[in-house]
Amino acid sequence: MRKLRPLAILALFAVVLTLLLANGCSGFSGSSGNSAGTGGGSGGTGGGGGTGGGSQGGNTGADFYVATDGNDSWSGTLAAPNSGNTDGPFATVAKAQSAVQGILQNPNGRTQTIVVQIRQGTYFVSQPLAFTSADSGNAQLQVNWENYPSETPAISGGMQLGSGSGLSWKNISGNQWQVSLPASTQYFEQLFYNQQRRLRPRLGGWLGAYYRVAATVYLSGSSSGPAPDPNCAVYVSGSGWECFDRFQYNATDPISASWQNLNAPYPAGDIEVVDFEKWMVAKLRIKSIDTTGHIVYFTGPTYQESPDMGFIVDHRYVVENLKDALTQPGQWFLDRSSSLWTLTYLANAGENPNTDSVIVPQASQVMIATGLQYVTFTGLTFEHDNFIVPATGYPALRQDPGISGALTCLNCQNVTFNGDIVTQTSGGGIEFYTNNTSATTASNTVENAALYDLGAFGIRVGMPPVYTDTDSNVPHDTTIENTLIASYGRVFPSAIGIVQGDAHDNTYTHNDIYDGYHSGVEICALGCPWGAQNSNGSFNNVTEFNHVYDIGQGMTDDMGCIYYNTGGPNHTATGNKILNNKCHDVTDAHTQDPDGYGGQGLYLDAQTGLADVENNLVYRVSSNAMHMSNGPAQSGEANTIQNNIFAYARTGIFELSDPYPTNSCFSAPILEFTAADNIAYFDKQYSDGFSVQRGCTYSCGFPYTQYQMLSGNLYWRTDGLFATDPEAFHVQPSASSPLCDTLNTSGTDWTYYTFSGWQGIGEDAQGTAQVNPSFANPAYPADDYTLANAPTAGFVVFDLSQPGRQNPVLQAPTIAPTFQTALLNPATDF
């Protein structure tokens with residue numbers, strides 16, 4: 001991965017904050033208004049137990065209740081309306097907040113937790129629920145917002161257009177239905193029909209055909225002069241100034257300047273393009289089309305960095321929200337060409353939007369908590385935030401700082417989400433971060449939750465670093481535990497399951513993360529360098545006992561199950577651990593792009609050092625089981641890779657790429673990693689493009705054991721012949737140009753060794769290539785890597801049943817893909 005410079009990160013962070021504010025996200029402003037009005041509920045409340053006085057509802061131990069048949073003029077202390085309909089629950093969360101605040105302001109010595117229970121039904125909010133310090137409890141008097149027993153209330157940022165909405169759809173002809181929307185309707189880009197995400201029309205069918213960038217556009221000019229265009233501000237030697245707001249398409253692509261919603265009276269940028277870069281995917285709005293030069297122009301650029309971002313030749317793009325392509329059942333189109341907007345839906349067989357559930361997002365987020373403390377949300381469902389692509393497009397960047405979560409907890413402490421569901425989002429799921437150095441985000445928890453069908457990330461902890469950060473103000477002591485994160489990145493495919501920015505002392509444990517188009521867990525994807533104000537980077541972050549699988553799916557590059565980027569040329573964060581995880585079925589974009597690469601298992605990026613990687617099971621990954629780029633830049637900071645099982649990786653077991661970023665050797669040896677007592681299990685050989693060790697094997701003339709130290713590892717190739725393979729291992733004895741020849745392109749740069757020859761240079765003492773570890777049944781689909789006994793003296797058997805959720809109460813439905821994926825075949829391709 002190419003690491004962006006810190007100053008570039010800071011500049012972009014300022015840009016995305018501006019974009020979020022322009023997009024209606026109040027999470028940065030700390031808004032404290034009560035904006036939780038409700039619309040009609042979809043589902044009645046359950047009957048409560050009888051109480052004295054003839055009440056139909058009773059108190060279950062809560063202080064206040066909220067119900068769809070409630071009334072904000074009532075006391076809120078009854079679980080259901082009484083027989084005279086003169087008292088009962090509140091109708092809105094906002095009213096319950098006011099009641100709770102009354103107790104908090106005058107607790108009168110109370111220490112028992114304040115409880116608010118929400119009854120069955122859907123509560124539609126036109127603005128994000130706003131929780132502030134006024135809603136906070138304290139260590140002695142906490143506040144719980146929870147579901148009424150055995151009921152599943154939902155808080156929706158959407159607007160109901162189907163059954164019970166009061167709006168009437170008209171059948172225009174055949175399966176085509178239309179509805180005129182209220183003048184107050186906010187623009188939206190997602191629609192959920194009977195709880196399923198439905199897509200806007202795309203060029204080339206339901207999911208949209210992939211077309212390929214024909215050429216990158218460059219402007220002429222001297223590199224010494226100013227950029228000729230602010231959207232073409234990167235000079236590429238030999239080509240000119242690269243443009244990031246336009247690309248050249250193939251003349252055979254069905255691009256047209258006469259598309260109905262390309263020009264007025266339709267809004268500018270009504271048609272979008274999804275641009276698959278390398279590890280990022282941008283969404284941009286078409287400004288105009290030059291059919292003579294075959295160039296598409298956008299309202300703004302993607303992130304300007306070459307060669308990994310922008311419009312890469314032969315990379316995929318998808319055209320979306322094209323009125324002319326509204327032909328497939330299940331598609332919809334929002335026509336904004338007149339003052340009153342019209343929504344068209346093409347029904348599938350048996351569907352009728354007048355009787356079915358149709359919801360479109362309206363509130364920019366579902367909830368924003370600012371300065372909240374000692375509050376727990378339990379058993380609630382949050383859905384239908386309305387994040388939209390900004391007018392200038394979405395220039396994608398790792399950690400997605402430009403995309404808001406459905407739930408934002410800003411400067412929160414001791415806030416817990418327990419057993420909640422977050423689903424059907426336009427943006428991300430839950431996020432915790434700090435927006436100023438006088439505040440703190442600490443000791444927050446997500447546990448026993450389920451997040452699925454997400455537009456972007458699952459859970460985000462912290463933002464990209466700024467140099468005014470301190471260790472006390474960035475998120476710390478966060479716990480994400482026993483939580484399901486699935487089908488993430490459905491709108492923004494480069495999104496990550498759990499993504500952490502500048503933060504420390506966080507624990508991600510016993511989670512199930514699957515069905516994503518990019519990485520499962522990423523820590524500091526842009527790097528988290530030390531700041532100037534008592535900041536030591538991202539340290540003491542533990543990712544353990546997680547089950548991460550079925551990710552990538554041929555959509556993005558340079559990703560993996562678990563990724564850390566916590567080092568740098570002058571610093572290394574300490575205490576970071578990757579322990580006892582299970583990682584499998586990772587497919588990078590080589591299945592769809594000619595230059596696709598980097599579907600790693602475990603990934604230590606950009607000079608990360610002092611990481612502890614132990615007791616992990618990794619199998620069926622499209623690249624390497626254990627990948628390290630650059631490696632630590634200082635002596636005494638080697639990464640530890642110990643007691644792991646690495647099986648059926650397509651290209652290699654251990655890879656260290658580009659350890660010399662300046663293309664010059666270090667003045668003294670630097671040990672990059674130690675790999676001890678691991679089991680490597682594989683069925684490929686060098687002629688298949690596989691090597692146990694990959695990347696740079698040049699040690700700059702120092703003894704190889706001072707560069708990479710391997711000891712006590714077990715290597716077993718399923719044909720039993722690895723011990724005598726003449727190309728089992730290799731080193732590069734002399735410098736090439738550049739220093740490392742990672743593919744032996746000259747055919748003479750490497751010296752090869754059998755396993756015994758490898759031991760002869762001091763590597764893998766006590767190791768073996770002659771012992772079958774005798775896993776119970778490692779072949780697909782059994783995937784049973786259980787060991788009856790330790791196959792070597794150094795290996796310690798660990799419990800393979802521990803990764804993943806240990807109490808999986810909540811489950812996720814299967815969510816349909818939103819783009820054409822291309823997975824490797826687990827039975828034949830690994």
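Undergrad: Whenever I open this one, the side chain of Gln607 confuses me. Can you help?
TA: You can see Gln607 is positioned in the loop between strand E43 (599-604) and strand E44 (612-614). Overall, the relative accessible area of 10% leaves Gln607 in the buried class. Apart from residues no more than four positions distant in its own chain, Gln607 is found in contact with Gly567, Gly568, Pro569, Thr572, Ser629, Asn630, Gly631, Pro632, Ala633 and Pro661.

Undergrad: Looking at this structure, I do not really get the layout of surface pockets. What am I missing?
TA: To find the voids left in a structure, one rolls a probe of water-molecule size over its atoms. Of the voids in this model, the second largest pocket is the one considered here, and its volume is about 660 Å³. Every residue lining the second largest pocket is counted, 34 residues in all, and those nearest its centre are Gln195, Gln196, Glu383, Thr423 and Gln424. The set of elements that each furnish at least two residues to the lining of the second largest pocket consists of strand E11 (196-198), strand E24 (381-383) and strand E27 (421-423). The dominant element in the lining of the second largest pocket, judged by the number of residues it contributes, is E11, at 3 residues. Of the residues in the lining of the second largest pocket, the class split is 12 nonpolar, 17 polar and 5 charged.

Undergrad: Mind showing me how you'd approach the sheet that holds strand E19 (residues 332-335) here?
TA: The pairing of strands in a sheet happens through backbone hydrogen bonds and is either parallel or antiparallel. Spatial ordering of the open sheet is given by E8-E9-E20-E19, a layout of 4 strands whose pairing is antiparallel. Here the strands that pair on one side only, and so sit at the sheet edges, are strand E8 (170-173) and E19. Across the sheet, the mean angle from the axis of one strand to that of its neighbour is 25°, orientation sign disregarded. In this structure, strand E9 (residues 176-180) lies alongside strand E20 (residues 342-346), joined through 5 bridges in antiparallel fashion. Each bridged residue has a counterpart across the sheet, and for Val179 the counterpart in E20 is Leu343.

Undergrad: Can you help me understand unusual backbone geometry in this one?
TA: Comment: phi is negative for the bulk of residues other than glycine, and the bulk of peptide bonds are trans. A cis amide bond, omega 0°, links Ser737 with the succeeding residue Pro738. Structurally, Pro738 is set in the loop between strand E55 (729-731) and strand E56 (751-753). For the bond from Tyr780 to Pro781, the omega torsion is 5°, close enough to zero to count as cis. Here Pro781 lies in the segment after helix H3 (755-760). Within the chain, Asp453 stands out as a residue other than glycine whose phi angle is a positive 50°. When you line up the elements, Asp453 lands in the loop between strand E30 (450-452) and strand E31 (459-461). Here the phi dihedral of Asn615 falls at roughly 60°; this positive angle occurs in a residue that is not glycine. Within the element layout of this structure, Asn615 appears in the loop between E44 and strand E45 (617-621).

What counts and how
- Every chain is numbered independently, its residues counted from 1 as its sequence is written.
- With pLDDT at 70 or above as the cut-off, local features in this predicted model cover only qualifying residues; side-chain atom pairs require 80 or more to be listed or tallied, and sums for whole chains, interfaces and linings still use all residues.
- Water and hydrogen atoms were dropped before computing side-chain values, which therefore reflect all heavy atoms in the structure.
- By the criteria applied, helices consist of DSSP H or I runs no shorter than four residues and strands consist of E runs no shorter than two, each listed in order from the N terminus.
- Each residue's exposure class comes from its accessible area (1.4 Å probe, protein chains only) as a fraction of the maximum for that residue type: buried when under 20%, exposed when over 50%, partly exposed otherwise.
- For this analysis, residues touch if any pair of their heavy atoms sits within 4.5 Å.
- Cavities and pockets were defined on a 1 Å grid built over protein atoms only: a cavity is a set of grid points that admits a 1.4 Å probe from which the probe cannot escape, a pocket is an open set flanked by protein on both sides within 12 Å along at least five of seven lines, and lining residues are those with an atom within 4 Å of any such point.
- Grid points are joined across faces, edges and corners, and a volume is the space filled by probe spheres set on the points.
- Residues are grouped as follows: Ala, Val, Leu, Ile, Met, Phe, Trp, Tyr, Cys and Pro are nonpolar; Asp, Glu, Lys and Arg are charged; every other residue, Gly included, is polar.
- Strand pairing is defined by DSSP finding a minimum of two bridges between the two strands.
- Axes here mean lines fitted to C-alpha atoms, for a helix over just the part in contact, with angles spanning 0 to 180 degrees between N-to-C directions.

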